[in-house]
Each structure stands twice: as structure tokens, then as C-alpha cells.
Amino acid sequence: MAANIKENVLSARFQPVLLHGQSAINTFRAVPNLSKADGSVRLGNSVISYSGDPVKTAKTNASVLDAAFYELARASEEGKKLRLIVPINSYSVVGNEGASIIVNSIKKLPKELRNSAIVELFDFPENLSMNVLEDDIVPLFPFFENYIAAPADGMDDFTIFANCNLLGVSMDLTALDQSAEQTGKKIMKFWASATKRRLKLFFQGVTDEGVKQTAERYEAMGIDGPIIGEMVDVL
């Protein structure tokens, strides 16, 4: 009898997001989930990071989108009115083939639910230009209204995102010591850069009450992380 062969499986889990001015959770962030054949699990956008091959990146990204959109549609059928932030690697829409893969995945989401999705673009090239960012957005533009971006570490001029009419910018705090003074300074610098360009703020992976309060004081549009709620497999 042949042995059972396990394969890596790409899917999505869902992180509750607290929106500014709301007490009830109706928004979630789709978190890429890689269940490996050896039994280990990887979570986060690094699962769909640029691999050096835009088409391969698009395929892995599309697998996560498929899982996320399937779950959003299923929840809608149950009468739940939810929003979903979905990650799209900027490299995955480079070139016609990669863009087609992503667009085909998007088309699986019913038209009436597309306004419920917010696209988070991430993993930008080091020298991000207006033309490059526009090229990322053009294939997606017919499907979605709202976009946010995850700027690279060290980037402090967000003019390019404002000029492309993005809704806001996001900052992932997961790997930071959130009780450290330098983290607080980094958050305030991020806020200053964003508010200067009238961009909304999204903070991910918040574990510290002080950071949550700081984010709320700066009127962050979205806050997520263990302090808001644990990830779920079903919306």
C-alpha cells in the first residue's frame, strides 16, 4: 500500500480588526497560512513574499485569496455583513501572466461583495516610483475601491501613496518589543508621515495596551492583534 503523501497547503486565517469609533468587530484581516508537510505552520505575509519569480508569487498569493474570498462569500450567505482586508504582493501583478492569475482569483468573489474588500499592497521594490505603484493598481482598479499599503521599513515619505489615492498605510508591529521606548517613537514617526498626507493608519499585531491606546489617540482607522482578538479559521 502506498504511503500517504502530505503536501504543503496554502490557506487563510482571519485576524479581527477593531475599526475607529466601533465597539463590535465586523472587519477581519486575511492572514496567509502555510501548513507544511512536516506538520509545521507559517503565518503572515512572508508566506507570499516575492520569490524572485512574479508568476510563482502570483500563484501562491492567488491560493490565499481564493481561500479568503471563499470564506467571505460563505459568511455572506449566512447573512453576515463583514469587511475583509486582503494581502496582494506588488510583484504578483507584474507582467500579464501574474496579473491574470490574480484577476482570475478576484473574479471568483461575487461582484456584490467586492466593495467589502480592502486590498493591502505590500512587498514593494526598493526604488518605488509612481509608475510602478500605478502599474500595481491598474489590474485591480476595476474590482475594488479601497487600497492600503504597507511601506517598507525606513520609508518615511508617503507622498506616492497619497498621490495614488490610497486610503491609508499599515504598520506591522508583530516582531517589535512593543513596550520599548524606541517602538513608541517609531509609531509616532509613522503617524506623522501618514497624517501629513492625510492617510489613514492601520496597526497590525498589537499586543500591548499602551500601543493600543496610542493608536486610538492617533485615531487609527484599524487595529488588530491578540489584544483585539485571536485569529479564527471561520468568519
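As a reminder, the structure under discussion sits directly above these lines.
All values derive from a computational prediction rather than experimental measurement.

How should I be thinking about the side chain of K212 in this particular structure?
Along the polypeptide, K212 turns up in helix α6 (residues 209-217). Given a relative accessible area of 14%, K212 falls into the buried group.

How do you make sense of the environment of P139 when you look at a structure like this?
Position of P139 among the secondary structure elements: in the loop between α3 (130-137) and β6 (146-149). Put simply, P139 and S100 are 39 residues apart on the chain and 8.4 Å apart in space, counted from C-alpha to C-alpha. Sequence-distant contacts of P139, defined by excluding residues within four places in its chain, comprise V93, A99 and V103.

Looking at this structure, how should I read helix α5 (residues 181-196)?
Side chains of residues three or four places apart in an α-helix project in the same direction, reflecting 3.6 residues per turn. Helix length check: α5, at 16 residues, gives a terminal C-alpha distance of 23 Å against a target of 22 Å (1.5 Å per residue), a fit within 8%. The complete set of buried residues in α5 reads T183, I187, F190, S193 and A194. In a view along the axis of α5, the buried residues occupy a sector of 125°, so they form one face of it. Set apart from the buried face of α5 by more than 90 degrees, the exposed residues are E181, Q182, K185, K189 and K196. Packing partners of the buried residues in α5 comprise β7 (168-172), β8 (200-204) and α6. Just downstream of α5 lies R198, where phi reads positive at about 55°.

Rules and cut-offs
- Residues numbered from 1 in each chain as written.
- Predicted model: local features only at pLDDT ≥ 70, side-chain atom pairs only at ≥ 80, totals over all residues.
- Heavy atoms only, no water.
- Helix = DSSP H or I, 4+ residues; strand = E, 2+ residues; numbered from the N terminus.
- Buried < 20%, exposed > 50% of the residue type's maximum accessible area, 1.4 Å probe, protein only.
- Contact = heavy atoms within 4.5 Å.
- Expected span 1.5 Å × (residues − 1).
- Arc of directions from axis to C-beta.

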